[in-house]
Amino acid sequence: MKKKQTYSKKDAGSKRPQRVSNFQDRPRNGKGDFAKVNGGVFVYSKPLTVAELSKAINVPAPKIITFLFLQGSSVTINQLLDDEAIGTICLEFGYDFRKEEAVDATHFEDIKIEDDPKDLEPRPCVVTIMGHVDHGKTTLIDAIRSSHIVDTEAGGISQEIGAYQKEIHGQKITFIDTPGHAAFTAMRARGASVTDLVVLVVAADDGVMPQTLEAIDHAKAAGCPIIVAINKMDMPGANPSRVKEQLMAHDVIAEEYGGDVMMAEISAKTGKGIDDLLDMILLKAEMLELKANPKRYASGTVLEASLDKGEGPKATLLVQNGTLSNSDYVVVGEIYGKVRRMTNEYKKVLKSAGPSTPVSVIGLSGVPGAGDRFMAFPTEKEAKDIATKRALEKQQSARSGSAAMSLEDLNNLVNAGKVKDLNVIVKADTDGTAEALKANLEKLSNDQIKVHVLSAYSGAISDSDVLLAQASNAIIFGFNVRPDARVKQKAEEAHVEIRLHKIIYELLEEMEAAMKGMISVEKVESVTGQAEIRHLFKITHVGTVAGSYVTSGFLKAKTKCRLIRDGVVIYDGELGSLQHGKDAVKEIKQGYECGLTISGYNDLKLGDIVEGYEMVEKE
């Protein structure tokens, strides 16, 4: 008789990679079931009955009961076994064993699974095409696929995300064509990292444009390597050298200038340079050493979704790990369903799809959102239960809390002694001010906190800034610029903090105080309301009177106000008189028209916004 051996977490499989024990931790066998024992190691996460252990390690229950009886333990077939008994039985019948922490499958995005290296296989590189509007993104994919996608698009502009796979020199590449950086960042804001490589398309005749710069910022924030495709080399005004110099000013430096960014000069229209670009993509993919495990249940991201009148909810999924098979049960965001039909971009019906494969599926119970994560599960009941829990948690989370960083969060982290990186977005009234703020904010970095300025440009605070802040947990600093009501609402919904200033040293002092954990009482702005100027009158001895409509809140005479034009603060001063009809009034509320003046300022224009505000103390 063998000597009784006791269970030890340290002893059990200590030389093997520790993986999380859950629905995804077992490879699929030919029948689509989970294998209970992998490589002679029995992995479990909770107490088991004799019957359950018998089935798992393929040893008859009577043998287990007899063995335990000879060891001095009398058990029945439905009796729960403790860790020591499970370990002893496994060793007796030739299995190593390991108990691992069970993870709540409700948060499957947070589950970190370390695959056995022998299960990993090379996977296709996922490439996202980004760039300024009309610089040739979709035409480039047309040239690569020898297709004519652009002909089917309204006005020649991409209306939705498309995903396509192409085999180049025996290796597959998956291309994602987006409507722009906003869709790319919206996905990251939902926690989805869908791309391995960004191809930045820049027109050789047009050069670097605002959306080009935003695409660079979003790609860098996502940590994605960039390859630049300088397109439209067939155009008369093509000047690739100028494009490279413009990109260098934004830290995208070509290899020939001593940088590490590959750049291909191409013409998507004539096909010139396309082969060079593809070779660069394959080389970069080889350097990235991309691998995945096709032997597990699938997980990945929704690229696009819609409600088809004939087929119901329809979604394009990118499988990122594992293999998705027909009839699998999947949870997508907060909905679930059974894969009833799966097709590729050519509408060919597929039985299965491996890593880096985009597929269109039907069978979901609702329409998911772009960027939602999905995962396959063994049973419909499990998928439905998890989807229900996720939906409830989403409702609760929408009512409370913010995942984004704020100065208050920063202050609390410093006081708690925790190290933190802080992402910042700067928008100012001029490029020079934006660059000066960027330089001074980054100088505030210390041993505890590293300040990263993700972007610093002139202009109004936009939707794109809020999206980038949401995806990167960043704070937006506005200097002499204002968000409009729509952008402000979007920021509030996304829990993104916008800090507005008009004096540089005050902005820097506020940041420095937060980084030192010294914020106690501060004076903050409280906006009372806004009015839009719709008529202008010149009145002798009075000046310019603006016929205005109060669009939000209220305005008070003789209080602080600012004049905003195209999102930029033109003047900051004091509201003069307020007139409603023939009467002078002290206050005017939302929904009413009024005549107003700004003390000492007459350069008013139609469409300007007058914003009233006051300073209040806040802890």
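Quick note: structure is the one above.
This one's a predicted model, so the numbers in the text were calculated from it and none came from an experiment.

Conventions we followed
Residues numbered from 1 in each chain as written. Predicted model: local features only at pLDDT ≥ 70, side-chain atom pairs only at ≥ 80, totals over all residues. Heavy atoms only, no water. Helix = DSSP H or I, 4+ residues; strand = E, 2+ residues; numbered from the N terminus. Buried < 20%, exposed > 50% of the residue type's maximum accessible area, 1.4 Å probe, protein only. Contact = heavy atoms within 4.5 Å. Arc of directions from axis to C-beta. Polar contact = N/O pair within 3.5 Å; in protein donor to acceptor, adjacent residues only side chain to side chain. Pairing = 2+ DSSP bridges. Patch = residues over 30% accessible without salt bridge, like charges linked within 9 Å, V, L, I, M, F, W, Y side chains within 5 Å. Areas by Shrake-Rupley, 256 points an atom, 1.4 Å probe, with all protein chains shown as cover. Salt bridge = Lys/Arg side-chain N within 4 Å of Asp/Glu carboxyl O. Core = buried A, V, L, I, M, F, W, Y, C linked by side-chain atoms within 4.5 Å. Axes fitted to C-alpha atoms, helices over the stretch in contact; angles between N-to-C directions.

(A) Spatial organisation of unusual backbone geometry. Positive phi, normally seen in glycine, also occurs at Asp251, with a value near 60°. The topology assignment puts Asp251 in the loop between α7 (240–248) and β12 (263–265). Here Asn473, not a glycine, exhibits a phi torsion of approximately 50°, which is positive. Turning to its location among the elements, Asn473 is positioned in the loop between α12 (463–472) and β24 (474–479).

(B) The arrangement of the environment of Ile173 in detail. With respect to the secondary-structure elements, Ile173 resides in strand β9 (residues 171–177). Given a relative accessible area of 0%, Ile173 falls into the buried group. With 108 residues separating them along the chain, Ile173 and Ile281 place their C-alpha atoms 8.5 Å apart. Setting aside residues no more than four positions away along its own chain, Ile173 makes contact with Pro124, Cys125, Val127, Tyr164, Gln165, Lys166, Ile168, Ile281 and Leu282.

(C) Representation of helix α1 (residues 50–57) in the model. Here α1 has its buried residues at Val50, Leu53, Ser54, Ala56 and Ile57. All buried residues of α1 fall inside an arc of 165° around its axis, so they share one side. Phi for Asn58, located one or two positions after α1, is positive at around 60°.

(D) Spatial organisation of the side chain of Asn344. Positionally, Asn344 belongs in the loop between β18 (335–343) and β19 (352–353). At 2.9 Å, the side chain of Asn344 forms a polar contact with the backbone nitrogen of Tyr346.

(E) Spatial organisation of the side chain of Asn293. Considering the arrangement of structural elements, one finds Asn293 in the loop between β13 (291–292) and β14 (299–308). Of the polar contacts made by the side chain of Asn293, one reaches the backbone nitrogen of Lys295; its length is 2.9 Å. Beyond its immediate chain neighbours, meaning those up to four positions away, Asn293 contacts Asp115, Asp119, Leu120, Asn321 and Gly322.

(F) The pairing of strand β32 (residues 593–598), seen in detail. Taken across its six residues, β32 has five buried, putting it largely inside the fold. Relative to β32, strand β27 (residues 543–556) runs antiparallel, the two sharing four bridges. Residue pairing in the sheet places Gly547 in a bridge with Gly595 of β32. Across three bridges, the pairing between strand β29 (residues 568–580) and β32 is antiparallel. Note on β32: the bridge partner recorded for Gln579 is Gly595.

(G) Spotlight on a nonpolar patch on the surface. A surface patch of nonpolar side chains, amounting to about 270 Å² of accessible area, comprises Phe537, Ile539 and Val542. Relative to the helices and strands, Val542 is located in the loop between β26 (522–539) and β27. Using a relative accessible area of 49% as the deciding quantity, one classes Val542 as partly exposed.

(H) Looking closely at the nonpolar core. Residues Val127, Ile129, Leu140, Phe175, Val199, Leu277 and Ile281 are the most contacted members of the largest nonpolar core, which totals 27 residues. Looking at this core, the element that brings in the most residues is helix α8 (residues 274–288), giving seven residues. If we ignore the near neighbours within four places in the chain, the residues touching Leu140 are Ile129, Val199, Val201, Ile266, Ala268, Ile274 and Leu277. Listed in part, the 22 residues of the second largest apolar core include Val198, Val208, Val228 and Val261.

(I) Molecular detail of the sheet that holds β14. Judged by pairing direction, the barrel is antiparallel, and its six strands sit side by side in the order β14-β15-β20-β18-β17-β21 before closing back on the first. Between one strand and the next, the sheet's axes are offset by a mean angle of 45°, whatever the strand orientation. Bridge analysis of β14 against strand β21 (residues 373–377) gives three bridges, and the strand direction is antiparallel. By the bridge assignment, Thr301 is partnered in β21 with Arg373.

(J) The pattern of salt bridges, seen in detail. As enumerated under the stated definition, the model contains 19 salt bridges in all. Of the charged contacts, one joins Lys295 and Asp119 as a salt bridge, the two residues approaching to 3.7 Å between their closest N and O atoms. With Lys295 in the loop between β13 and β14 and Asp119 in the loop between β5 (96–99) and β6 (121–122), this pair connects stretches of sequence that are 176 residues apart. Residue Asp119 is classed as buried on the basis of its relative accessible area of 10%. The residue Asp572 makes a salt bridge to Arg562 at a minimum N-O spacing of 3.9 Å. Pair noted here: Asp572 is in strand β29 and Arg562 is in strand β28 (residues 560–565), with a separation of 10 residues, a long-range link. Note on Asp572: relative accessible area 27%, which makes it partly exposed. One continuous salt-bridge network, built from bridges that share partners, spans Arg482, Lys502, Arg562, Asp572 and Glu611.

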